[in-house]
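Report on the structure
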Amino acid sequence: MPALELRGIVKTFGGLRANDGVDLVVQWGEVHALLGENGAGKSTLMNVVYGLQSPDAGEIVYDGQPVVIRRPEDAIRRGIGMVHQHFMLIPPLTVAENVVLGHESARGGMMDLTAAGQMVSELSHRYGLEVDPRARVRDLSVGLQQRVEILKALYRGARLLILDEPTAVLTPQEIDRLFEIVSNLKAEGKAVIFITHKLAEVMRIADQITVMRRGKVVATTTPAESSPPDLARLMVGRPVLLRVEKGPAHPGDVLLEVEALKVEDDLHHPAVEGVDLQVRAGEILGVAGVEGNGQRELVEAIVGLRPAKGRVTIAGRDMSHATTHRRLKDLSHIPADRQQMGVILDMSIADNLVLPDFDRPPFAHWLIRALDSIRAFAARIIKEYDIRAERPEQRTGSLSGGNQQKVVVARELATDPKILIAAQPTRGVDVGSIEFIHRRIVEQRDRGLAVLLVSSELDEVLSLSDRVAVIYRGQIAAVLEGEAIDREHIGLLMAGAA
Amino acid sequence: MRLVLHWLRQALVPLLSVICGFIVAGFAVFLSGANPVDALVALFQGAFLERNSVSETLIATIPYIFLGLAVAIGFKAGLFNIGAEGQFYLGAIAGTYVGYSLHGLPAIVHIPLAVAAGMLGGLGYAVIPGVLKARFGAHEVITTIMLNHIALAVSDYLINRGPMGDPHASAPKTPFIQHSAELPILIPNARLHLGLLLALAAVPIVWFLIERTTVGFRLRAVGLNQTAARAAGISVGWTIVLVMAMSGALAGLAGADEVLGVSHFMPPTFSVGYGFDSIAVALVARSNPWGIVPAAFLFGSMRSGAGFMQLQTQVSADLISVVQATVIIFVAAPVMVRWLFRLRERPAIPTPLAAQEGAAV
């Protein structure tokens, strides 16, 4: 008897069919990968299963029984657990407190945390989920916090576990540990649904693979019967180049130089502690690191958005004290946080495409905006960068995430900058757009652009960079070149272990 | 045709909110034992049908236009300038001073000078909260409220006890302004003055400023997303100061215009809450400069008809504050209005979820 069977699930948002008659069968003791681009409908489907959204049509059969799941409590009661991309933990509480939250066992009105602690330890040992029940969640690494989430689901009796993009925030070593845990769960006869868009992981861990595209299931297969290129083609609907095609770099002069840079984070704790970096024309320097090791502060200091000590030299000029406006003359910046920093969602695409240059010719003459040349420019860029929009006046917030990111990338590359700072340039972007964005960045490199790439996706750093700097706790642990760029070694450096 | 439809759609919720405001006020009238229909008829009569009432209604509309624009320009940049009242006072003080203290100037020089002085007065006073916010992060709502009190106290001092009082007058007031500083009358035997044309000219100017200039783009960007604006190299602090300056200049212009066009002198309690009403004007207009004109006209009509209504029906003129207050509540809660009238939410703004999940990539 299958663990879960979905029949003809339909879910629409306005005119959009996020799920368009989806069938899915998941067996007990199976790791089932749900693969698809952003917007393919994976998360919607799982939200339906977990009771976060109600389907417009279709049937859910759980363990042989047709069920109606209206809210997460229904799902939890039946033994369905979900670990979300964004953790739902309370940082100041301990691991045990977080695990039992909402399901506390009480004795005379007092929470019985001893019993909870024991239960947590027991579960940890059984599945290899080692974590101290008395530790406070805020002191734990992201990988450990994820374990707490898994423990929470198991504590509530989950037999079917949904993991939504679980590897997005982990180091390679943490991913290995997660996969061991998933194997243990499988060995215990539990069913695991693994939502992802990363092909290599699917090949490693999945027993069954269901590929979704535009709200529909386009294929059900196994790792043995398919290959990463096949899966990519199924996801995108056309053949995709997975490897970035790039020739060797021909580096020129140093265009961006950072010396002894010290930056504080929002809470005035040191975040960047004496970083030196040089980026030359025609090369891509990748900064690898687990998120939260000072990348954000480093980038913001270079762009002039955050006060810093030390020297920043842009195209040969000392810009340590220059305003952002001045720095942006030679510098382009793709911010990590697209929706907050990259675009103004309530403005039109055209306005967003000229955002850093709105007051410079040809987009403005003296104080008057040149609407005709803005519109013409926008129309050209929309075509050139294949931004799926109806017209330049369209509200940017109505675009999908991938297309919003294309707006940012297009804008930052279109003005022929000398230096590009690309922070998470493909975050939340589908495979097809990733390929496109990567190709554009490499093209510009070949024309002499100096690129500082900051990404927590190690694959991205490895496939694009000519040199790799590893950042750990606000310091550059190493700068690697050529043969020395080794995945395992970088993983250890990212974890501070080398 | 499409444009007209677009405008109608934009105006729908404010319009319905105004209707709701009148209905609620009607209830209040009913509860106080009077006839709401009679009150409404009297209000209308007072605003439009009595002798000179149209002229008086338009006179009352003028400050609402200037002040509505002043508040709206702040809204566009995400600033809540509650200080329009105080800036109005400072504009009036400066305009009055230039109006009575300079002698022997031709009107063509004196009027622009006095108007400019009023604008500068309001501007200077609004820059204070602007700088406080840009430099120290002090919230403009708090600082402008405080500055309103100070403005009142300052004008009270200047006129009651200080250097601007008229020593020959029995009640405290400033001297009359020179004839050369008085705004010309537009129609004979009425008080309607040049200010109306100035106000109507300000509307397209402000619209052009917001929609077509780099300054307007800068302030809209800051209003919609400060972080992104900053990342694009826009100085948020400077923009805030600039917006407050423009807003204050418009409010100061309103103050000077009241003196130069209507009263020709300044008593210590000058404004009757124009600055606060104008927040409602800007809200009803949804900060759209064109929308300010009908919204200001509505508030001007209510103000000018209220006295007559009180005389005729014994319903207190303060009733219009009830209308205004309810209108603000309804305008601030468009979802409620849509629900009340069973209007369908247009899918123009998709839910974040739909945008993220379903949009074609």
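Quick caveat: nothing in here was measured; it's all calculated off a predicted structure.

Secondary structure summary: chain B contains 15 helices and zero strands in total. Against the compact-globule benchmark of 21 Å for 361 residues, chain B has a radius of gyration of 22 Å, which places it among compact chains. Taking the principal axes of the C-alpha coordinates as reference, chain B spans close to 75 × 55 × 40 Å. Of all 361 residues assigned to chain B, the portion counted as buried reaches 52%. Relative to all contacts within chain B whose residues are 6 or more apart in sequence, the contacts with residues 24 or more apart total 75%. Counting only carbon and sulfur atoms, one obtains 70% of the accessible surface of chain B, whose full area is about 16,400 Å².

A separate point is the interface of chain B and chain A. Contact residues are listed per partner, giving 29 residues for chain B and 42 residues for chain A. Note on chain B versus chain A: buried area summed over both sides is about 3,100 Å², and carbon and sulfur give 64% of it. On inspection of chain B and its partner chain A, the count reaches one salt bridge. In this structure, the connection of chain B to chain A is made through seven residue pairs in polar contact (both at pLDDT 80 or more).

Here we come to unusual backbone geometry. Of note, the bond from Pro361 of chain A into Pro362 of chain A is cis; its omega dihedral lies within 30 degrees of zero at 5°. Note that Pro362 of chain A resides in the loop between helix 12 (349-353) and strand 19 (364-365). Backbone geometry places Asn52 of chain B, a non-glycine residue, at a positive phi of 65°. Mapped onto the elements of the fold, Asn52 of chain B is located in the loop between helix 2 (36-49) and helix 3 (53-76).

Looking now at helix 6 (residues 172-187) of chain A. All names here are of chain A. Look at helix 6: 23 Å from first C-alpha to last across 16 residues, which is about the 22 Å you get at 1.5 Å a residue. Inspection of helix 6 places Pro172, Ile175, Leu178, Phe179, Ile181, Val182 and Leu185 among the buried residues, and these make up the whole buried set. All buried residues of helix 6 project into a common sector of 165° when viewed along the axis, lining one side. Of the residues flanking the end of helix 6, it is Gly189, one or two places downstream, whose phi is positive at about 90°.

All names here are of chain A. Here the domain parsing of chain A yields domain 1 (4-236) and domain 2 (254-494). With 10 residues of domain 1 at the contact, the number on the domain 2 side is 13 residues. Ranking the residues of domain 1 by area buried against domain 2 places Asn38, Pro172 and Gln173 at the top, with a combined share of 39%. If you look at where domain 1 meets domain 2, you find one salt bridge.

Now for the environment of Ala423 of chain A. Residues and elements named next belong to chain A. If you trace the backbone, Ala423 turns up in strand 21 (residues 419-423). Residue classification places Ala423 among the buried positions, given a relative accessible area of 4%. Between the alpha carbons of Ala423 and Arg296 there is a distance of 8.2 Å; along the sequence they are 127 residues apart.

Residue and element names in this part refer to chain A. Counted at 1.5 Å a residue, the expected span for helix 14 (residues 401-414) with its 14 residues is 20 Å, and the 20 Å between its end C-alpha atoms agrees. Summarising burial for helix 14: 13 of the 14 residues are buried, a large majority. Backbone geometry just after helix 14 places Asp416 at a positive phi near 50°.

This brings us to the environment of Ile19 of chain B. Locating Ile19 of chain B in the fold gives a position in helix 1 (residues 2-31). Taking the C-alpha atoms as reference points, Ile19 of chain B and Val327 of chain B, separated by 308 residues in sequence, lie 8.2 Å from one another.

Each aromatic ring pair is characterised by the separation of its centres together with the angle its planes make. Residues and elements named next belong to chain B. Summed over all chains, the structure comprises 14 aromatic pairs over all chains. Measuring from ring centre to ring centre gives 5.7 Å for Tyr97 and Tyr100, while their planes differ by 75°; the resulting arrangement is edge-to-face. A residue pair is termed a helical-turn pair when its members lie 3 or 4 positions apart in one helix, as Tyr97 and Tyr100 do in helix 4 (residues 84-101) at three residues. By relative accessible area, Tyr97 is classed as partly exposed at 45%. You can call Tyr100 buried: its relative accessible area is 12%. Through pairs of rings, three or more aromatic residues link up here, namely Tyr64, Phe88, Tyr274 and Phe299. Of note, Lys173 hangs over the ring of Phe265, and the distance from its end group to the ring centre comes to 4.8 Å.

All names here are of chain B. Axis separation between helix 5 (residues 107-136) and helix 6 (residues 140-161) bottoms out at 10 Å; the angle between their running directions is 150°. Comparing the axis directions of helix 5 and helix 6 gives the class roughly antiparallel. Where helix 5 crosses over helix 6, the handedness of that crossing is right-handed. In contact with Tyr125, Ile128, Pro129, Leu132 and Lys133 of helix 5, helix 6 contributes Glu140, Thr143, Thr144, Leu147, Ile150 and Ala151. Looking at the contact of helix 5 with helix 6, its residues break down into seven nonpolar, two polar and two charged.

Residues Leu353 and Leu420 of chain A together with Phe66, Leu69 and Leu260 of chain B are the most contacted members of the largest nonpolar core, which totals 133 residues. At 13 residues, helix 10 (residues 236-263) of chain B tops the list of elements feeding residues into this core. Setting aside residues up to four positions removed in sequence, Leu260 of chain B forms contacts with Gly95, Ala114, Val115, Ile177, Ala181, Glu182 and Leu183 of chain B.

Residue and element names in this part refer to chain A. If you walk through the whole model with that rule in mind, you get two cavities of 30 Å³ or more. Space inside the largest cavity adds up to approximately 50 Å³. In this structure, the largest cavity is lined by Ala168, Val169, Leu170, Thr171, Gly289, Val290, Glu291, Ser456 and Met494. Taken together, the residues of the lining of the largest cavity sort by class into five nonpolar, three polar and one charged.

Turning our attention to the pattern of salt bridges. Residues and elements named next belong to chain A. Tallied over the full model, the rule gives 48 salt bridges over all chains. With its nearest N and O atoms 3.6 Å apart, the salt bridge here joins Asp132 to Arg134. Overall, Asp132 belongs to the partly exposed group, its relative accessible area being 36%. The class of Arg134 is exposed, set by a relative accessible area of 69%. Of the charged contacts in the structure, one is a salt bridge between Asp330 and Arg317, with a shortest N-O distance of 3.4 Å. Taken as a pair, Asp330 in the loop between helix 10 (324-327) and strand 18 (331-334) and Arg317 in strand 17 (residues 317-318) lie far apart in primary sequence, 13 residues in all.

Reading guide: rules and limits
- Counting from 1, residues in each chain are numbered in the order their sequence is written.
- Whichever chain is written first becomes A and whichever ligand is written first becomes 1, with later ones labelled in order.
- Note on the predicted model: pLDDT of at least 70 is required for a residue's local features to be given, and 80 or more for side-chain atom pairs to be given and counted; whole-chain, interface and lining totals, by contrast, use all residues.
- With hydrogens and water excluded, all non-hydrogen atoms of the structure serve as input to the side-chain values.
- To qualify as a helix, a DSSP run of H or I must reach at least 4 residues; to qualify as a strand, a run of E must reach at least 2; elements of each kind are numbered from the N terminus.
- Between the two quantities, the radius of gyration covers C-alpha atoms and the globule rule is 2.2 Å times the number of residues to the power 0.38.
- Remark: exposure states derive from per-residue accessible area (1.4 Å probe, protein chains only) relative to the maximum for the residue type, with buried under 20%, exposed over 50%, and partly exposed in between.
- Working rule for contacts: check all heavy atoms of both residues, and any pair within 4.5 Å makes them a contact.
- The method behind every accessible area is Shrake-Rupley, applied with a 1.4 Å probe, and residues are considered shielded solely by the protein chains displayed.
- Buried surface area refers to the total accessible area, computed with a probe of radius 1.4 Å, that the two partners give up upon joining, counted for both partners together.
- Here a salt bridge means any side-chain nitrogen of Lys or Arg lying within 4 Å of a carboxyl oxygen belonging to Asp or Glu.
- Polar contact criterion, stated in full: a pair of N or O atoms within 3.5 Å, where within protein one must be able to donate a hydrogen and the other to accept it, and residues adjacent in sequence count only if both atoms are side-chain atoms.
- Each residue after the first adds 1.5 Å to the expected span of a helix.
- The reported arc concerns the directions from the helix axis to the C-beta atoms and nothing else.
- Marked domain ranges trace back to an automatic or database domain assignment.
- Pairing of aromatic rings covers Phe, Tyr and the six-membered ring of Trp, with a centre-to-centre limit of 6.5 Å; geometry is then stacked below 30 degrees between planes, edge-to-face above 60, and tilted otherwise.
- In this analysis the charged atom, NZ for Lys or CZ for Arg, is taken to sit over a ring once it is within 6 Å of the ring centre and within 35 degrees of the ring normal.
- Whenever a helix is involved, its axis is fitted only over the stretch in contact; in every case the axis is a line through C-alpha atoms, and angles between N-to-C directions fall within 0 to 180 degrees.
- By definition in this entry, angles of less than 35 degrees are roughly parallel, angles greater than 145 are roughly antiparallel, angles of 65 to 115 are roughly perpendicular, and the rest are oblique.
- Definitions for this section: a left-handed crossing has its near helix turned counterclockwise from the far helix by less than a right angle. A right-handed crossing has that turn clockwise.
- Under the scheme applied here, ten amino acids are nonpolar (Ala, Val, Leu, Ile, Met, Phe, Trp, Tyr, Cys and Pro), four are charged (Asp, Glu, Lys and Arg), and all others, including Gly, are polar.
- What we call a nonpolar core is a set of buried Ala, Val, Leu, Ile, Met, Phe, Trp, Tyr and Cys residues that are connected through their side-chain atoms within 4.5 Å.
- Only protein atoms enter the 1 Å grid used here. Points where a 1.4 Å probe fits but cannot escape make up a cavity, open sets with protein on both sides within 12 Å along at least five of seven lines make up a pocket, and a residue lines them when an atom lies within 4 Å of a point.
- Grid points are joined across faces, edges and corners, and a volume is the space filled by probe spheres set on the points.

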